[in-house]
Amino acid sequence: MNDVILEVQNIDKSFAGVHALADVSLSLRAGEVHAVIGENGAGKSTLMNIVSGKLAPDRGTLLRKGSAVTFANPRDAQRQGIAIAPQEINLVPGLSIFENIALGAQAGGGLGLINWRRTREAAISILHQIDDSIDPDCKAGQLSKAEQQLVQIARAVSTSAEILIFDEPTAALTARETERLFAFIRRFRENGNSIFYISHRLEEILALSQRITCLRDGCLVAELDTASTTKDEMVRHMAGRIVKPAPHRPPGSLPQETVLDVKRLTRKGEFADISFDLRRGEIVGIAGLIGSGRTELGKCLFGLKVADSGDVTVFGERVRLRHPADAIAKGLVYLPEERKQEGIFALLSISENMTISVFDRFRGFFGLRFPDMLREVETFVDRLKIKIGRPEDAITTLSGGNQQKVIIARWLLKNSRVLILDEPTRGIDVNAKAEIQGVLRDLTGSGLSIIYISSELQEVIDVSDRIVVMHEGRIRGTVNAAEATQESLLAIAMS
């Protein structure tokens, strides 16, 4: 454990004059899981992209087993035994699983041809180290997001790396898949190999790592021994302050007007006999593990999926939701869990992303009235505390938390009355989570109602007034959030 196999010394990195990393140094020991934590924008991914050869530092040195190394590209890093499983899925949809795993490293045959039998066998052997339930001959594009993430991890393992970098590896995984991954990580470490592990799930950090490095605003602010630290101490170093959820509101303090009433809603193969209500100014959490039917229910309430049976009543009117336009017309909107693929328009600016649902409002004789649009944008930037540079900057320049706030503002501009949020803080740090939850609380004070879907049980407890617990497509119980614990929700789900 004391053999240093990789060192990062005095690394600086800037983008357009903005420091992403400033004089950062850390080390990795043989047989160690070294966690790197920090808020969005702290520099974690930038640092790991330097270690994996995707980026070059502006200043500083990388040492591999005591010798200085430079990487022109990820292939150079792989030759040094370093591979990364990035957060973003980067598979070839039209190729099979085993072809994706072996891509660029296929087994050779005679006359310079590929030996596909040996290639397939080697890829399957690696895949089964991670998960043996995935069909290796299936096309990557046919897999779920969780399965794609596991394949991407298998591809990193296929490089025979001694050092693996995991960036938010469990964000889309079920509990079973996560445990399989953890078992692999422990075996990998027991064989003397090492891991850099990035995650916003601090419980995972405490369970897996031996050391923790905390970055804030591109600077190293703490190195912690996992055995002697706590989640609260990690949060304090990440945020520079103590972050606590807002206290729960007394149940009797909420308005009793029902804005959404769902009765016996069923969609075959996904969920059945779902009944619950939502009151004005209330946050109802939908809790459950991945695969419980939470997301499918949210999409059905927005008209992305059509129910086979059941009734939905919105503000006293029974409605048929066969298309998102039907839901939007009734004041219901949905923020998808896949924010980058389904929530933002990556080629458009911040202001365009925020106002795209109400472009008609700013139409003039010669196109859009941009001064009026910008005034509206500035109002919501202030109201939701969105951290931006300029409204005309690309939406992709913002952190995940601020992108989410822009999407919320988009639907507030549309005068939506019910927000359906699906995994709204996935990939977002603890401080940004607290900010978004505070924004949502403020919005309910003006009468907005929210359905908050999440697999993070503590998050649902922190933000909700009531919690509906789902398991295998059915509701198992409903509880007041102030009385709930993670253990009690799991007990309900498994009952």
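Here's what I pulled together on the structure shown here. Bear in mind the structure is a predicted one, so any value in this text is a computation, not a measurement. Per chain, residue numbering runs from 1 following the sequence as it is written. A pLDDT threshold of at least 70 governs which residues receive local features in this predicted model, and a stricter bar of 80 or more applies before side-chain atom pairs are shown or counted, although totals over entire chains, interfaces and linings include all residues. Side-chain calculation: all heavy atoms of the structure are included, whereas hydrogens and water are not.

### Focus: the overall build of the protein
At step 1: A run of DSSP states H or I qualifies as a helix once it reaches four residues; a run of E qualifies as a strand once it reaches two. Both are numbered from the N-terminal end. When its secondary structure is counted, the protein shows 17 helices and 22 strands.
At step 2: For this measure, only C-alpha atoms enter the radius of gyration; the expected value for a globule follows 2.2 Å times N^0.38, where N is the number of residues. By the compact-globule yardstick of 23 Å for 495 residues, the protein fits well, its C-alpha radius of gyration being 24 Å.
At step 3: Each of the three principal axes of the protein carries a C-alpha extent, and together these read 70 × 55 × 50 Å.
At step 4: In the protein, buried positions account for 52% of the 495 residues.
At step 5: By definition, residues are in contact when any of their heavy atoms lie within 4.5 Å. Once local pairs closer than 6 in sequence are excluded, the contacts in the protein between residues at least 24 apart make up 66%. Each residue's exposure class comes from its accessible area (1.4 Å probe, protein chains only) as a fraction of the maximum for that residue type: buried when under 20%, exposed when over 50%, partly exposed otherwise.

### Re the sheet that holds strand S9 (residues 211-216)
Pairing between the strands of a sheet comes from backbone hydrogen bonds, and it takes one of two forms, parallel or antiparallel.
At step 1: Taken together, six strands build an open sheet; the order of strands is S6-S7-S8-S3-S9-S10 and the sheet is mixed. What marks the edges here is a single partner per strand, and that holds for strand S6 (82-85) and strand S10 (219-225). Sheet twist, expressed as the average angle between the axes of neighbouring strands with direction ignored, equals 20°.
At step 2: In this fold helix H5 (residues 145-157) packs onto S6 and strand S7 (163-167), with an angle of close to 175° to the strand it touches most, S6. Only strands that DSSP links by at least two bridges are regarded as paired with each other. Axis definition: a line fitted to C-alpha atoms, over the contacting stretch in the case of helices. Angles run 0 to 180 degrees between N-to-C directions.

### Focus: the side chain of Ser-357
At step 1: You can see Ser-357 is positioned in the loop between helix H12 (350-355) and strand S17 (363-364).
At step 2: Here a polar contact means two N or O atoms within 3.5 Å. Within protein one must be a hydrogen donor candidate and the other an acceptor candidate, and residues neighboring in sequence count only if both atoms are side-chain atoms. A polar contact is formed between the side chain of Ser-357 and the backbone oxygen of Arg-410, at a distance of 2.9 Å.
At step 3: Dropping the residues within four chain positions of it, Ser-357 is found in contact with Arg-410, Trp-411 and Lys-414.

### Some remarks on the side chain of Thr-213
At step 1: Position of Thr-213 relative to the elements: it lies in strand S9.
At step 2: Look past the residues within four positions of Thr-213 in its chain and what remains in contact with it is Leu-26, His-34, Ala-35, Val-36, Ile-37, Leu-220, Ala-222 and Glu-223.

### Re the environment of Ile-126
At step 1: Within the element layout of this structure, Ile-126 appears in helix H4 (residues 116-130).
At step 2: Owing to a relative accessible area of 14%, Ile-126 belongs among the buried residues under this scheme.
At step 3: Along the backbone, Ile-126 and Asn-431 are 305 residues apart, and their C-alpha atoms lie at a distance of 37 Å.
At step 4: Setting aside anything within four residues of it in sequence, one finds Ile-126 in contact with Ala-154, Val-157 and Ser-158.

### As for the pattern of salt bridges
At step 1: Salt bridge, as used here: a side-chain nitrogen of Lys or Arg that lies within 4 Å of a carboxyl oxygen of Asp or Glu. Counted according to the given criterion, the structure contains 35 salt bridges.
At step 2: Where Asp-12 meets Arg-59, a salt bridge forms, and the shortest distance between an N and an O atom there is 3.2 Å. On the criterion of sequence distance, the pair formed by Asp-12 in strand S1 (residues 4-15) and Arg-59 in strand S4 (residues 59-64) is long-range, its members being 47 residues apart.
At step 3: Judged by relative accessible area, which is 43%, Arg-59 ranks as partly exposed.
At step 4: Among the ionic pairs, Glu-121 bridges to Arg-117, the shortest N-O distance being 3.2 Å. With Glu-121 and Arg-117 both in helix H4 and four residues apart, this pair spans about one turn of that helix.
At step 5: Through salt bridges with shared partners, a single network forms among Asp-12, Asp-23 and Arg-59.

### Brief notes about the packing of aromatic side chains
At step 1: Ring pairs shown here join Phe, Tyr and Trp side chains whose ring centres sit within 6.5 Å, with only the six-membered ring taken for Trp; geometry is labelled stacked below 30 degrees between planes, edge-to-face above 60, and tilted in between. Scanning all chains against the criterion turns up four aromatic pairs.
At step 2: Ring centres 5.7 Å apart and planes at 35° place the aromatic pair Phe-184 and Phe-188 in the tilted group. One end of the pair, Phe-184, and the other, Phe-188, are both in helix H6 (residues 175-190), four residues apart, so they sit about a helical turn from each other. As far as the burial class goes, Phe-184 and Phe-188 line up, both buried.
At step 3: Geometry around Phe-315 places Arg-417 over its ring, the cationic atom sitting 3.7 Å from the centre. Should the NZ of a Lys or the CZ of an Arg lie within 6 Å of a ring centre and within 35 degrees of the ring normal, that charge is described as sitting over the ring.

### Thoughts on helix H15 (residues 430-444)
At step 1: Taking 1.5 Å per residue as the helical rise, H15 with its 15 residues ought to reach 21 Å, and the 21 Å between its terminal C-alpha atoms agrees with that figure.
At step 2: Across the 15 residues of H15, 11 count as buried, placing the element largely inside the fold.
At step 3: By the burial criterion, the buried members of H15 are Val-430, Asn-431, Ala-432, Lys-433, Ile-436, Gln-437, Val-439, Leu-440, Arg-441, Leu-443 and Thr-444. By this rule the span expected of a helix is its residue count minus one, scaled by 1.5 Å.

### Focus: the nonpolar core
At step 1: Within the largest apolar cluster, 62 residues are counted, with the highest numbers of intra-cluster contacts made by Leu-260, Leu-265, Leu-301, Met-354, Leu-440 and Ile-451.
At step 2: Judged by nonpolar contacts, the second largest core, of 47 residues, contains Ile-134, Val-157, Ile-195 and Leu-202. To form a nonpolar core, buried Ala, Val, Leu, Ile, Met, Phe, Trp, Tyr and Cys residues must be joined to one another through side-chain atoms within 4.5 Å.

### Focus on helix H17 (residues 486-493)
At step 1: Among all positions of H17, only Leu-489, Ile-492 and Ala-493 are buried. Buried residues of H17, viewed axially, fall in a sector of 100°; they line one side.
At step 2: Elements in contact with the buried residues of H17: helix H16 (457-463), strand S21 (466-471) and strand S22 (474-480). Throughout, the arc means the angular range of directions from the helix axis out to the C-beta atoms.

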